[in-house]
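What follows is each chain in one-letter form.
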Amino acid sequence: KFMKKETKEVFFKFLNKEISAECFENWLYQDESLENELSVYDYTDFLSFKYKHDTKIKLHVADLFFTIVDSKEFDDYKFSKLLNNALENKDALEYLLIWSYDLYCYGNKEFTELGMGYGLDLIAYESEQGYSPPWGSECKKRVFTDVEKAFIRKEILRIKGLFESGELCISYDYE
């Protein structure tokens, strides 16, 4: 069976904590096309979950959902969201820079500038916060200059363009 992009996106939003379990459950019952996009077994399994009282509901939905859809699609969704958020939000930018270091380590050479140039500094800062001197240092969190901010923004836009055009395929497997 074929699952529409819009349908996948609702699942992604739920798994990415963008919509509540209650909202997701209501959608499951109201979306009439869902029954045609899923097997009868999967559809009834999604409907049988206890969305209100299950503290691990996202895990249960993910376990079933990723038997239908490749989890890489969800990783790509989260990455696309993060790129857009990083352009607008300081916290998301720091998270993107740290993730860029990981992606660089996974063999994605497109992330050399963001990951090695900026993400590594943030990782070093965070790791040193766990130790008091003399093992840790009293270093200040990295503050980017206007020139660096402009360069980072340009790099994010470059990566976003490559990613959206399909020229950049991200590997999440450690090399």
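Please refer to the structure placed before this passage.
As the structure is a computational prediction, the values presented were derived from the model and not from experiment.

**Q** Got a minute to help me understand the side chain of Thr 7 in this structure?
**A** Looking at where Thr 7 falls in the secondary structure, it is placed in helix α1 (residues 5–15). If we skip the residues at most four places from it in the chain, Thr 7 touches Trp 27, Leu 34 and Glu 37.

**Q** What is the right way to look at the packing of aromatic side chains in this model?
**A** The way to describe two aromatic rings as a pair is by their centre distance and the angle between their planes. All told, the structure shown has 20 aromatic pairs when counted by the stated rule. Judged by centre distance (5.8 Å) and plane angle (55°), the ring pair of Phe 24 and Tyr 51 falls under tilted. Placement of Phe 24 in helix α2 (residues 21–30) and of Tyr 51 in the loop between α4 (40–48) and α5 (57–68) is noted, with a sequence separation of 27 residues between them. This pair shows no difference in class: Phe 24 is buried, exactly as Tyr 51 is. Between Phe 79 and Trp 99 the ring centres are 5.7 Å apart and the planes differ by 65°, which places this aromatic pair in the edge-to-face class. With Phe 79 in helix α6 (residues 71–86) and Trp 99 in helix α7 (residues 90–105), this pair connects stretches of sequence that are 20 residues apart. A relative accessible area of 0% means that Phe 79 is categorised as buried. Among the aromatic residues, those joined into a cluster by ring pairs are Phe 11, Phe 12, Phe 14, Phe 24, Trp 27, Phe 46, Phe 49, Tyr 51, Phe 65, Phe 66, Phe 74 and Tyr 77. Positioned over the ring face of Tyr 104 is Lys 109, at 5.0 Å from the centre of the ring.

Rules behind the numbers
Residues numbered from 1 in each chain as written. Predicted model: local features only at pLDDT ≥ 70, side-chain atom pairs only at ≥ 80, totals over all residues. Heavy atoms only, no water. Helix = DSSP H or I, 4+ residues; strand = E, 2+ residues; numbered from the N terminus. Contact = heavy atoms within 4.5 Å. Phe/Tyr/Trp six-rings, centres within 6.5 Å; stacked < 30°, edge-to-face > 60°. Buried < 20%, exposed > 50% of the residue type's maximum accessible area, 1.4 Å probe, protein only. Lys NZ or Arg CZ within 6 Å of the ring centre and 35° of its normal.

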